[in-house]
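# Survey of secondary and tertiary structure
Read off the chains here:
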Amino acid sequence: MLRRSRFWISLIFFVLVVLPFLLPLPAQPDKSADALLPAGGRFVTVAGLRTVLMEVGSAGQPAVVLLHGFGGSTFSWRYTLPALQAAGFHAIAIDLKGFGLSNKTFNTDYGHAAQADFVAEVMTAAGIEHATLVGHSMGGSVIAHFAMRHAQRADRLVFVDAAILDRAQSPTLLQRVVPLLLTLQPAQRWGQLVLRSFITPQRTAAIARSAYHNPARLTPEVERAYLAPQTLRGWDLALLGILRDALRSTLPAALQSISVPALVIWGEHDNWIPLAAGAHLRDMLPGTAWAVVPDAGHLPMEEQPAAFNAILLDFLRAVPQP
C-alpha cells in the first residue's frame with residue numbers, strides 16, 4: 001500500500017510539475033508590434049509599459065477617452081474616432097494593458113482597478129486632465145473603477161454593452177483556485193500549452209464572430225485586425241495574467257455612488273451580455289440615460305456606427321462638459 005501511494009504521488013508530481021517543461025510549446029508567430037502599428041497611431045510608455053494611442057482633435061477641445069473590451073483594441077473605435085473629431089472633440093483610444101499591441105508580460109497587474117490607474121496615466125501623458133470616458137464590455141468595468149478612483153477626472157461615463165461584475169456575484173471555487181495556481185511556474189507552463197493548443201486563430205475568429213448580430217460583418221480585414229495581437233510574442237502569458245487577475249476586478253457596492261452623468265448604450269441583440277443586464281446597470285445608476293441600438297449585437301459601435309455615433313454625440317452635446 002505504501003509503495004502504491006508513493007508511485008501515485010510520484011506520477012502526479014511528474015505530470016503536474018515536470019511534464020509541462022518536457023512538452024514543446026506549439027510554434028507561434030513572432031511579429032513585432034512596431035510592424036503592426038495602425039496608421040495614425042503612436043506608441044506611448046507609461047508606468048514602464050508601452051501601449052498604443054490613437055488620437056484625434058487637439059488640446060483645448062472637450063476630451064473623450066475610448067476603452068475597448070476583452071479581446072479588443074484601438075481598432076474597435078475606428079468608426080467612432082472620426083465622428084468625434086468631426087464634432088469638435090479631442091478623443092483618444094488606447095490599448096489597455098495586455099491587449100492590442102501593448103506589452104505582453106505575465107508579471108503585471110491586470111485587475112480593472114490597475115487598468116483604471118493606467119488609463120489615468122495615459123491621459124496625463126496625452127495632456128488630458130479630465131474627460132468623458134466611454135467603455136465597451138470589459139472597458140465598462142474599467143471606467144467604473146476609474147470614476148471611483150479618479151473621480152475629479154471623470155466628467156461623464158458611457159457604458160457600451162458593459163461587462164460589470166459586482167460583489168453580489170460570488171466567485172466559484174475554480175475562480176478562487178486558478179489565480180493561486182497561476183503563481184506557480186508549472187501551472188503557467190501548462191497554461192501556455194493549453195492556450196497555444198486550443199486558442200487557435202480559427203477558434204478566436206469563431207468567438208469574435210459570435211459577438212456580431214450579423215456575422216457577415218466580421219470581414220477578413222476585420223478578422224485579421226482582431227487576430228493581430230495573437231501573433232505577438234508573449235500573448236499567451238499576458239492572457240494568463242489577465243485571467244489570473246479577473247477575480248480582483250469585481251466592483252464594490254459603492255458603484256451606486258457614482259454621481260457623474262452617465263449613458264448606457266446596448267446592442268439590441270447582444271448574445272454575450274443580454275439587454276436585461278444593460279437595463280439592470282441603468283437601474284443601478286440613478287438618472288442614467290438609456291439607448292438601444294437596433295440590428296446590433298455586442299459591438300454596436302462597429303455594427304451600426306452611424307446610429308451609435310448619433311446616440312453618443314447627442315449625449316455629449318446634451319450634457320455639457322464641466
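Here's a quick rundown of the structure. (Residues numbered from 1 in each chain as written. Predicted model: local features only at pLDDT ≥ 70, side-chain atom pairs only at ≥ 80, totals over all residues. Heavy atoms only, no water.)

## A word on helix α7 (residues 185-198)
Spanning 14 residues, α7 covers 20 Å between terminal C-alpha atoms, matching the ideal 20 Å at 1.5 Å per step. Among all positions of α7, only Pro-186, Ala-187, Gln-188, Arg-189, Gly-191, Gln-192, Leu-193, Leu-195 and Arg-196 are buried. (Helix = DSSP H or I, 4+ residues; strand = E, 2+ residues; numbered from the N terminus. Expected span 1.5 Å × (residues − 1). Buried < 20%, exposed > 50% of the residue type's maximum accessible area, 1.4 Å probe, protein only.)

## Thoughts on the nonpolar core
Ranked by size, the top nonpolar core spans 45 residues in total, and within it Leu-67, Val-119, Leu-133, Leu-157 and Phe-159 carry the most contacts. Filtering out sequence-adjacent residues up to four positions away, Leu-157 remains in contact with Leu-133, Ile-143, Ala-147, Ile-258, Val-260, Pro-261, Ala-262, Leu-263 and Phe-315. Membership of the second largest hydrophobic core comes to 30 residues, among which are Val-56, Leu-66, Ala-291 and Phe-315. (Core = buried A, V, L, I, M, F, W, Y, C linked by side-chain atoms within 4.5 Å. Contact = heavy atoms within 4.5 Å.)

## A look at the side chain of His-145
Tracing the backbone through its elements, the reader meets His-145 in helix α5 (residues 138-149). According to the relative accessible area criterion, His-145 is buried, its value standing at 6%. Within the local environment of His-145, its side chain forms a polar contact with the backbone oxygen of Ser-141, the two atoms lying 3.0 Å apart. Those residues in contact with His-145 that sit more than four places away from it in its chain are His-112, Ala-113, Ala-116, Ser-249, Thr-250 and Leu-251. (Polar contact = N/O pair within 3.5 Å; in protein donor to acceptor, adjacent residues only side chain to side chain.)

## Quick word on the pattern of salt bridges
Under the criterion given, the structure shown has twelve salt bridges. Residue Glu-302 pairs with Arg-78 through a salt bridge whose shortest N-O separation is 2.9 Å. Highlighted residues: Glu-302 in helix α12 (residues 300-303) and Arg-78 in the loop between β3 (63-67) and α3 (80-86), separated in sequence by 224 residues. Residue Glu-302 is classed as buried on the basis of its relative accessible area, which comes to 6%. With a relative accessible area of 23%, Arg-78 lands in the partly exposed category. Here the salt bridges share partners, and the residues they tie into one network are Arg-217, Asp-295 and Glu-303. (Salt bridge = Lys/Arg side-chain N within 4 Å of Asp/Glu carboxyl O.)

## Regarding the sheet that holds strand β2 (residues 49-56)
With mixed pairing, eight strands are arranged side by side in an open sheet as β1-β2-β4-β3-β5-β6-β7-β8. Since the sheet does not close on itself, it has two edges, and those belong to β1 (41-46) and β8 (289-293), each with one partner. With direction set aside, neighbouring strand axes in the sheet form an average angle of 25°. Two elements, strand β5 (residues 131-136) and strand β6 (residues 154-160), share six bridges in a ladder whose sense is parallel. (Pairing = 2+ DSSP bridges. Axes fitted to C-alpha atoms, helices over the stretch in contact; angles between N-to-C directions.)

## What to know about the environment of His-112
Take His-112: it is sitting in helix α4 (residues 112-125). Given a relative accessible area of 12%, His-112 falls into the buried group. Taking the C-alpha atoms as reference points, His-112 and Leu-299, 187 residues apart in sequence, are found 20 Å from one another. When residues no more than four places from it in sequence are discounted, the contact partners of His-112 are Met-138, Ser-141, Val-142, His-145 and Ser-249.

## Comments concerning the packing of α7 against helix α10 (residues 235-245)
Running from N to C, α7 and α10 point in directions that differ by 115°, and their axes come no closer than 9 Å. By the criterion of interaxial angle, the relationship of α7 to α10 is roughly perpendicular. Of the two elements, α7 crosses α10, and the hand of that crossing is right-handed. Two secondary-structure elements touch here, α7 through Gln-188, Gly-191, Gln-192, Leu-195 and Arg-196 and α10 through Trp-235, Asp-236, Leu-237, Leu-239 and Leu-240. Looking at the contact of α7 with α10, its residues break down into five nonpolar, three polar and two charged. (Parallel < 35°, antiparallel > 145°, perpendicular 65-115°, else oblique. Left-handed = near helix turned anticlockwise from the far one by under 90°. Nonpolar A, V, L, I, M, F, W, Y, C, P; charged D, E, K, R; others polar.)

## Structural notes on the side chain of Ser-76
Summarising the element assignment, Ser-76 is placed in the loop between β3 and α3. Owing to a relative accessible area of 2%, Ser-76 belongs among the buried residues under this scheme. In this view, Ser-76 contacts His-68, Tyr-226, Met-301 and Glu-302; residues no more than four positions away in its chain are not counted.

## Comments concerning helix α11 (residues 275-284)
For α11, the set of buried residues is Gly-278, Ala-279, Leu-281 and Met-284. The elements touched by buried residues of α11 are β6, β7 (262-267) and β8.

## As for the environment of Asp-109
Residue placement: Asp-109 occurs in the loop between β4 (90-94) and α4. Among the residues examined, Asp-109 registers a relative accessible area of 33% and is labelled partly exposed. Sequence-wise, Asp-109 and Arg-244 are 135 residues apart; in three dimensions their C-alpha atoms are separated by 9.3 Å. From its side chain, Asp-109 meets the backbone nitrogen of Gly-111 in a polar contact 2.9 Å long.

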